[in-house]
Amino acid sequence: MRAGGGVPPRVGLFGLLGSGNLGNDGSLEAVLGFLRAEHPEAVVDALCGGPEAVTARFGIPATRLHWYGGEYRTASRAGSIAAKGFGKVVDAVRTARWVRRHEVVIVPGMGVLEATLPLRPWGFPYALFLLCASGRLFGTRVALAGVGAAPIADRPVRALVRWSARLASYRSYRDAQSRDAMRAMGVDTSRDEVYPDLAFSLPAPASSAPQGPPGTVCVGVMAFHGGNDDRARAEEIHRRYLDGTIRFVRALVAEGRPVRLLTGDAVDAPVVDAILDAVDSPLVTAAETASLADLMKEMAAADSVVAVRYHNLICALKTGTPVLAVGYAAKSEALMAGMGLGAYCHPAREVDADRLLVQFRELEEHAPELRRTLAERNAAAVRRLEHQFTALTSVLFPATGPVPTPTSREAS
């Protein structure tokens, strides 16, 4: 039964939310802010990775995404393999029933159409396909809002991602190369728009220009082992990244700089521990962060930031703090270029501490002008996201708002 005649719309939020990734939860927070401001009558719940965490933090009912509790653990025994396989059948039914109860389902941002980190086809790609196929079957409007995409070499993953995108009612992307990637995969993107990442709509503390001697450097770290195509070299890639990062932190400490270690996911904790053990200095401390707001508070108080995770970069950019990206995917380079810091990128797979130090010193040398640039780009990002939310209202809640007239494709 579809909502109508004054019945509040039932809106579902879908994704790996509440699972420890601060960027994913930041995207959820942004979309919830939009719904509560523009559609307060909507009845909202979630199908997600960490339902208890989502309910506790955001106050909405939530259901676990997968029936099998060990979905993201490697299945080696016959029993666990059988349970995981049976879970795929159960998930098809569970997802269909959940989707059918809604008029609208939103996938809030996240890199759901990419495989830049290790990914199996029968994990999240399969879950996303079930969502979009169920939406098409039951007439539920499914929106992939401000999502990330990238070329995918693995054929099963690519096929699931392509069909998910085709079956969705609405698509928008967080950068132009994401749209280009989906077009290259055979998706008609002629009506798809590009907007800044949803997290740019979140409130941020003001970043104050540093006073006196050089101050704190925030270093965002990651349990980085390469991407989906790097499984054979995963440990080598991780060791090179970690060794280069340790050398970089040691060099900052040798100059008397306080270093604040930041993470973006619960899985990053061992990297923090490894750096603290290796550097063993009171100048190096680790922050406890539970949200993008916590990350932004840390970064707003720093002179500069060096970070790996995509949403760590966004937090630095959003606060107007000069940031150097140690990027693991093209999305980081696109983000930095769009915010006027394209010259300050370094490859996570080939961390060279000496070259990273040179880039870092250049970043700090140009910090005043970079702060001015970021202030201008942040204002533009907020304006573009207002168009994003207007478009979502028009497509997903057609009875509540006018069809927007796009003023430009400035992000194309």
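Anything mentioned here points back to the structure above.
In what follows, the accompanying structure is described. (Residues numbered from 1 in each chain as written. Predicted model: local features only at pLDDT ≥ 70, side-chain atom pairs only at ≥ 80, totals over all residues. Heavy atoms only, no water.)

### A closer look at the overall build of the chain
The condition that has to hold: We count a stretch as a helix when DSSP gives it H or I for four or more residues in a row; a strand needs E for two or more, and each element gets its number in order from the N terminus. Each radius of gyration is computed over the set of C-alpha atoms, and the globule rule expresses the reference value as 2.2 Å times the number of residues to the power 0.38. When accessible area is computed with a 1.4 Å probe and restricted to protein chains, residues below 20% of their type maximum are described as buried, those above 50% as exposed, and intermediate ones as partly exposed. Whether two residues touch is decided by their heavy atoms; if any such pair falls within 4.5 Å, the residues are in contact. Note on areas: Shrake-Rupley with a 1.4 Å probe; residue coverage comes only from the protein chains shown. For the purpose of charge, His is not counted, nor are the chain termini; Lys and Arg are scored as positive and Asp and Glu as negative. Throughout, a charge is located at the NZ atom of Lys, the CZ atom of Arg, the CG atom of Asp or the CD atom of Glu.
Scanning the chain from N- to C-terminus turns up 13 helices and 13 strands. Taking 2.2 N^0.38 as the reference for a compact globule, 412 residues should give roughly 22 Å; the C-alpha atoms of the chain span a radius of gyration of 21 Å, in line with that estimate. Projecting the C-alpha coordinates of the chain onto the three principal axes gives extents of approximately 65 × 55 × 40 Å. Out of the 412 residues in the chain, the part that is buried amounts to 55%. Summarising the internal contacts of the chain: among those between residues at least 6 apart in sequence, 72% fall at separations of at least 24. Counting only carbon and sulfur atoms, one obtains 55% of the accessible surface of the chain, whose full area is about 17,500 Å². Of the charged side chains in the chain, 46 are positive and 43 negative, and the gap between their average positions amounts to 8 Å.

### Section: the sheet that holds strand S12 (residues 323-327)
Quick reminder of the rule: We call two strands paired when DSSP finds no fewer than two bridges between them. The axes are straight lines fitted to the C-alpha atoms, using for helices just the contacting stretch, and the angles between their N-to-C directions are given from 0 to 180°.
One open sheet accounts for six strands, arranged S10-S9-S8-S11-S12-S13; its pairing is parallel. Where the open sheet ends on each side, the last strands, each with one partner, are strand S10 (284-286) and strand S13 (345-347). Each neighbouring strand pair of the sheet contributes to a mean axis angle of 20°, computed without reference to strand direction. Across three bridges, strand S9 (residues 259-262) lies against S10 in parallel orientation. Across the sheet, the residue bridging to Val259 is Val284, located in S10.

### Quick word on the nonpolar core
This is how the line gets drawn: We call a set of buried Ala, Val, Leu, Ile, Met, Phe, Trp, Tyr and Cys residues a nonpolar core when their side-chain atoms join them within 4.5 Å.
Leu13, Phe14, Leu113 and Leu128 are the most contacted members of the largest nonpolar core, which totals 125 residues. Take this core: its biggest share by element is nine residues, from helix H7 (residues 234-254). Ignoring sequence-local partners within four residues, the contact set of Leu113 consists of Leu128, Leu144, Val147, Gly148, Ala149, Ala150, Ile152, Val161, Ala165, Tyr173, Met182 and Met185.

### Topic: the pattern of salt bridges
Opposite charge on two side chains lets them pair, provided their charged atoms get close. Selection rule: One side-chain nitrogen of Lys or Arg within 4 Å of one carboxyl oxygen of Asp or Glu is enough to make a salt bridge.
Summed over the entire model, instances satisfying the criterion amount to 20 salt bridges. Taking the shortest distance from any N to any O, the salt bridge between Glu29 and Arg57 comes out at 3.1 Å. Taken together, the positions of Glu29 in helix H1 (residues 22-38) and Arg57 in helix H2 (residues 51-58) put the pair 28 residues apart, joining distant regions of the chain. Residue class for Arg57 comes out partly exposed when judged on its relative accessible area of 35%. In this structure, Arg171 and Asp192 form a salt bridge, with 2.8 Å as the shortest nitrogen-oxygen distance. Within this pair, whereas Arg171 is found in strand S6 (residues 170-173), its partner Asp192 is found in the loop between helix H6 (176-184) and strand S7 (193-194), the two being separated by 21 residues in sequence. Each member of the pair, Arg171 as well as Asp192, carries the same accessibility label: buried. By sharing partners, the salt bridges in this structure join Glu114, Arg174, Asp197 and Lys331 into a single network.

### What about the packing of helix H4 (residues 124-138) against helix H5 (residues 155-167)?
For clarity, the cut-off: These descriptions rest on fixed angle ranges, namely under 35 degrees for roughly parallel, over 145 for roughly antiparallel, 65 to 115 for roughly perpendicular, and the rest for oblique. Two helices cross in a left-handed way if the nearer one is turned anticlockwise from the farther one by less than a right angle. They cross in a right-handed way if the turn is clockwise. In the scheme used here, Gly and all other residues not listed as nonpolar or charged are polar, with Ala, Val, Leu, Ile, Met, Phe, Trp, Tyr, Cys and Pro taken as nonpolar and Asp, Glu, Lys and Arg as charged.
One can describe the packing of H4 onto H5 by two numbers: an axis separation of 8 Å at closest approach and a directional angle of 30°. The angle between H4 and H5 places the two elements in the roughly parallel class. Taken as a pair, H4 and H5 cross one another with a handedness that is left-handed. Listed contacts from H5 to Pro125, Tyr126, Leu128, Phe129, Cys132, Ala133 and Arg136 of H4 are Val157, Leu160, Trp163, Ser164, Arg166 and Leu167. Across the contact of H4 with H5, the residue classes tally to 10 nonpolar, one polar and two charged.

### Looking at the packing of helix H12 (residues 353-365) against helix H13 (residues 367-396)
Close contact between H12 and H13 brings their axes to 5 Å; oriented N to C, the two are set at 70°. In this view, H12 runs roughly perpendicular relative to H13, as classed from their interaxial angle. Counted together, Leu363, Glu364 and Glu365 of H12 and Ala367, Pro368 and Leu370 of H13 form the full contact between these two elements. Split into classes, the residues belonging to the contact of H12 with H13 amount to four nonpolar, no polar and two charged.

Shape is all these values report; function is a separate question.
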